[in-house]
Amino acid sequence: GAGVSQSPRYKVAKRGQDVALRCDPISGHVSLFWYQQALGQGPEFLTYFQNEAQLDKSGLPSDRFFAERPEGSVSTLKIQRTQQEDSAVYLCASSRGPNSPLHFGNGTRLTVT
Amino acid sequence: GENVEQHPSTLSVQEGDSAVIKCTYSDSASNYFPWYKQELGKRPQLIIDIRSNVGEKKDQRIAVTLNKTAKHFSLHITETQPEDSAVYFCAASMGGSYIPTFGRGTSLIVHP
């Protein structure tokens, strides 16, 4: 079946613009994670959903970041008033459940100019 | 929260040599330890994982060992090939939080 799908693949935003990043997880996967990956670094946790419930958002760097998964499937990560330090690859991953392997999408590379 | 340290940051080997990457974790409650391989410009992909009730796991040329007492785990790749060149990430997660914390990655370069 299809893997995790993320869109857009690349996004260039001017500083101050709002952006929305979409993640389509593998069908039936309960858990969904968002990670931020800076160049040459490991993925840094942003937020975690179990079905539609956002169980942990402790990794979101500021209140400009917001994530939702209203029907327990597709998720959207929104960044308001983008700043240069938001430039990174945003990775979405889904899994069958707790402590199961993560399946990553290809990521969205966000560049804020 | 969990903290994962990974060493070395870069590892250069000759084709056919073995490669070892080591990770330590801070939270003794962690019980799931996956390893991911990320090729340039691509998504991380799981290559092997181990749970805390097992000390070692092998899959062809790849093995992972876990020392719960010392809170460290290692990835071993034997008979390395140029296509093994990539960045490798270790991760650890706890039974309670289920959120994998990643190491900073090891760039493995296999010279033909």
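Counting of residues starts from 1 at the beginning of each chain's written sequence and follows it residue by residue. For naming, the first written chain is A and the first written ligand is 1, with later ones following in the order written. Residues qualify for local features only when their pLDDT is at least 70, as the model is predicted, and side-chain atom pairs are given and counted only at 80 or more; totals for whole chains, interfaces and linings, by contrast, use all residues. Computation of side-chain values covers all heavy atoms of the structure but excludes hydrogens and water.

1. Quick word on the sheet that holds strand β3 (residues 19-24) of chain A
Residue and element names in this part refer to chain A.
- One open sheet holds the four strands; their spatial order is β1-β3-β8-β7, and the pairing between them is antiparallel. Edge strands, defined here as strands with exactly one partner in the open sheet, are β1 (5-7) and β7 (65-68). Strand-to-strand twist in this sheet, taken as the mean axis angle between neighbours without regard to direction, amounts to 15°.
- Pairing between β7 and strand β8 (residues 75-79): four bridges, direction antiparallel. Among the inter-strand pairings, E68 is bridged to a residue of β8, identified as T76. For two strands to pair, DSSP has to find at least two bridges joining them. Here a helix means four or more residues in a row that DSSP labels H or I, a strand means two or more in a row labelled E, and each is numbered from the N terminus. Orientation is described by axes fitted as lines to C-alpha atoms, over the contacting stretch for helices, and by angles from 0 to 180 degrees between their N-to-C directions.

2. Topic: the nonpolar core
- By size, the foremost hydrophobic cluster in this structure holds 23 residues, and its most contacted members are W35(B), F73(B), L75(B) and L108(B).
- By definition in these notes, contact holds between two residues if any of their heavy atoms fall within 4.5 Å. Residues within four places of L108(B) in sequence aside, it is in contact with L11(B), V13(B), A19(B), I77(B), D84(B), S85(B), A86(B) and Y88(B). Among buried residues, those of type Ala, Val, Leu, Ile, Met, Phe, Trp, Tyr and Cys that are joined through side-chain atoms within 4.5 Å constitute a nonpolar core. Only protein chains enter the accessibility calculation, which uses a 1.4 Å probe; a residue is then buried when its area is under 20% of its type maximum, exposed when over 50%, and partly exposed in between.

3. Some remarks on the interface of chain B and chain A
- Facing the 21 residues of chain B at the interface are 21 residues of chain A.
- A 1.4 Å probe defines the accessible area here, and the buried area is the portion of it lost by two parts on being joined, summed over both. Looking only at chain B, the three residues that lose the most surface to chain A are R43(B), Y98(B) and I99(B), adding up to 36% of its buried area.
- A side-chain nitrogen of Lys or Arg and a carboxyl oxygen of Asp or Glu constitute a salt bridge if their distance falls within 4 Å. Linking chain B with chain A are zero salt bridges.
- Nitrogen and oxygen atoms within 3.5 Å of one another constitute a polar contact, given that in protein one can donate a hydrogen and the other can accept it, and given that sequence-neighbouring residues count only through two side-chain atoms. Summed over the shared surface of chain B and chain A, the number is ten residue pairs in polar contact (both at pLDDT 80 or more).
- Mapped by element, the contributors of at least two residues to the side of chain B that touches chain A are β4 (30-38), β5 (45-51) and β9 (86-94) of chain B.
- It is β4(B) that provides the largest number of residues to the side of chain B that touches chain A, a total of four residues.

From the geometry alone we can't say anything about function, so treat these as descriptive.
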